[in-house]
Amino acid sequence: MLGISTTLHSLIQQGKSDRSMQEILDGIFGMLQQLKQMQGSGASPRVMLLGIYSFVDKMMSEARDLQSVSCRKGCAFCCKMNVDVTPMEVMLIVEYAKRNGISIDKDYLQRQAALPKDQLAFTPGLSACVFLRPDNTCSIYPVRPLACRKYVVANPPERCNPEAYPKARLDVLIDVDIEILVSALDNLQLGKIDGLHKVLLDLLSPQS
Ligand code: SF4
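Remember, predicted model here, so these are calculated numbers, not experimental data.

*Asks:* Would you mind going over the side chain of Glu179 with me for this structure?
*Replies:* Within the secondary structure, Glu179 sits in helix H7 (residues 176-188). With relative accessibility at 3%, the residue Glu179 sits in the buried group. A polar atom in the side chain of Glu179 sits 2.9 Å from the side chain of Lys150.

*Asks:* What am I meant to see in the environment of Lys150 here?
*Replies:* Relative to the assigned elements, Lys150 resides in helix H6 (residues 146-150). Excluding residues that lie within four positions of it along the chain, Lys150 makes contacts with Thr7, Met60, Leu173, Ile178, Glu179 and Val182.

*Asks:* I tried to follow the environment of Thr7 on my own but got confused; where do I start?
*Replies:* Along the chain, the position of Thr7 falls in helix H1 (residues 6-13). When the C-alpha positions of Thr7 and Arg111 are compared, they lie 27 Å apart, and in sequence the two are 104 residues distant. Those residues in contact with Thr7, other than ones at most four positions away along the chain, are Lys150, Ile174 and Glu179.

*Asks:* Please explain the confidence of the model for the protein chain as it appears in this structure.
*Replies:* Note that predicted coordinates carrying low pLDDT should not be read in detail. On average, residues of the protein chain score 85 in pLDDT, and 92% of them are at 70 or above. Here H1 stands out as the element of the protein chain with the lowest mean pLDDT, 70, in contrast to helix H5 (residues 106-113), whose mean of 97 is the highest.

*Asks:* Would you take a moment to explain the pattern of salt bridges for this structure?
*Replies:* Note on pairing: side chains with opposite charge can pair once their charged atoms come close. Applying the stated rule across the entire model yields 10 salt bridges. A salt bridge links Asp57 to Arg144, with the nearest nitrogen and oxygen atoms 3.9 Å apart. Of this pair, Asp57 sits in helix H3 (residues 45-66) while Arg144 sits in the loop between H5 and H6, placing them 87 residues apart in sequence. Classification of Arg144 by relative accessible area gives buried; the value is 11%. For Glu179, the salt bridge identified is with Lys150, shortest N-O distance 2.9 Å. Taken together, the positions of Glu179 in helix H7 and Lys150 in helix H6 put the pair 29 residues apart, joining distant regions of the chain. Among the charged side chains, a network of salt bridges with common partners joins Asp84, Lys117, Lys192 and Asp194.

*Asks:* Any chance you could explain the packing of helix H4 (residues 87-99) against helix H8 (residues 196-204) here in plain terms?
*Replies:* Axis separation between H4 and H8 bottoms out at 10 Å; the angle between their running directions is 65°. Here H4 is positioned roughly perpendicular relative to H8, judged by the angle of their axes. When you trace H4 past H8, the crossing you get is right-handed. Residue-level inspection shows Pro87, Val90, Met91, Ile93 and Val94 of H4 in contact with H8, the latter providing Leu196, Val199, Leu200, Leu203 and Leu204. Split by residue class, the contact of H4 with H8 holds 10 nonpolar, no polar and no charged.

*Asks:* What should I look at first to understand unusual backbone geometry in this one?
*Replies:* Across residues other than glycine, the phi torsion is negative in most instances, and most of the peptide bonds are trans. Phi is positive for Asn136, close to 65°, though the residue is something other than glycine. Along the chain, the position of Asn136 falls in the loop between H5 and H6.

What counts, and at which threshold
Residues numbered from 1 in each chain as written. Predicted model: local features only at pLDDT ≥ 70, side-chain atom pairs only at ≥ 80, totals over all residues. Heavy atoms only, no water. Helix = DSSP H or I, 4+ residues; strand = E, 2+ residues; numbered from the N terminus. Buried < 20%, exposed > 50% of the residue type's maximum accessible area, 1.4 Å probe, protein only. Polar contact = N/O pair within 3.5 Å; in protein donor to acceptor, adjacent residues only side chain to side chain. Contact = heavy atoms within 4.5 Å. pLDDT = per-residue confidence, 0-100. Salt bridge = Lys/Arg side-chain N within 4 Å of Asp/Glu carboxyl O. Axes fitted to C-alpha atoms, helices over the stretch in contact; angles between N-to-C directions. Parallel < 35°, antiparallel > 145°, perpendicular 65-115°, else oblique. Left-handed = near helix turned anticlockwise from the far one by under 90°. Nonpolar A, V, L, I, M, F, W, Y, C, P; charged D, E, K, R; others polar.

Rendered as structure tokens:
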């Protein structure tokens with residue numbers, strides 16, 4: 001049974017894709033075949049994920065050239081809300097953090113995990129991602145998750161501030177091909193997809 005990402009699912013439901021459900025499922029199946037071939041040729045999950053990241057970055061940079069993206073370095077409202085990730089993405093982040101001497105504040109993660117995910121964005125003092133630096137840049141940028149790589153908007157940046165504009169309509173740019181890729185990746189991975197703070201906490205907690 002093939003699953004599809006929540007974003008892709010809502011795109012289809014809203015009729016915002018010019019492709020039929022069958023074409024989309026064929027796209028996911030094709031991506032799955034390619035990913036399985038990479039796996040079969042001995043590529044580790046880490047290498048595969050890095051390959052997918054560079055593929056998504058290329059697609060996003062092409063999309064940026066065609067659209068009026070307003071996201072800029074240092075504008076980090078999107079780093080102050082829940083970010084869903086896969087366990088494989090978090091393993092890569094933890095490995096990168098260890099290699100680069102980046103400490104991860106477990107107490108902070110525990111306080112975040114005590115909140116419902118949809119309340120993170122509205123909780124000052126706990127909304128920021130654990131990897132967001134004081135200057136609003138990302139301390140693990142080269143291995144940031146797919147959700148961070150593919151999220152861009154075309155609205156004025158100040159409207160992304162949920163505290164100031166809790167009901168603002170955001171013009172999020174969504175690329176159907178990237179959503180197909182994300183769906184294919186989700187199908188290949190084991191483990192639960194959840195908020196970065198929760199998956200990180202699970203991975204850092206000693207197993208009983
Ligand atoms: S991982 Fe980096 S880009 Fe993603 S939310 Fe955290 S600070 Fe922002």
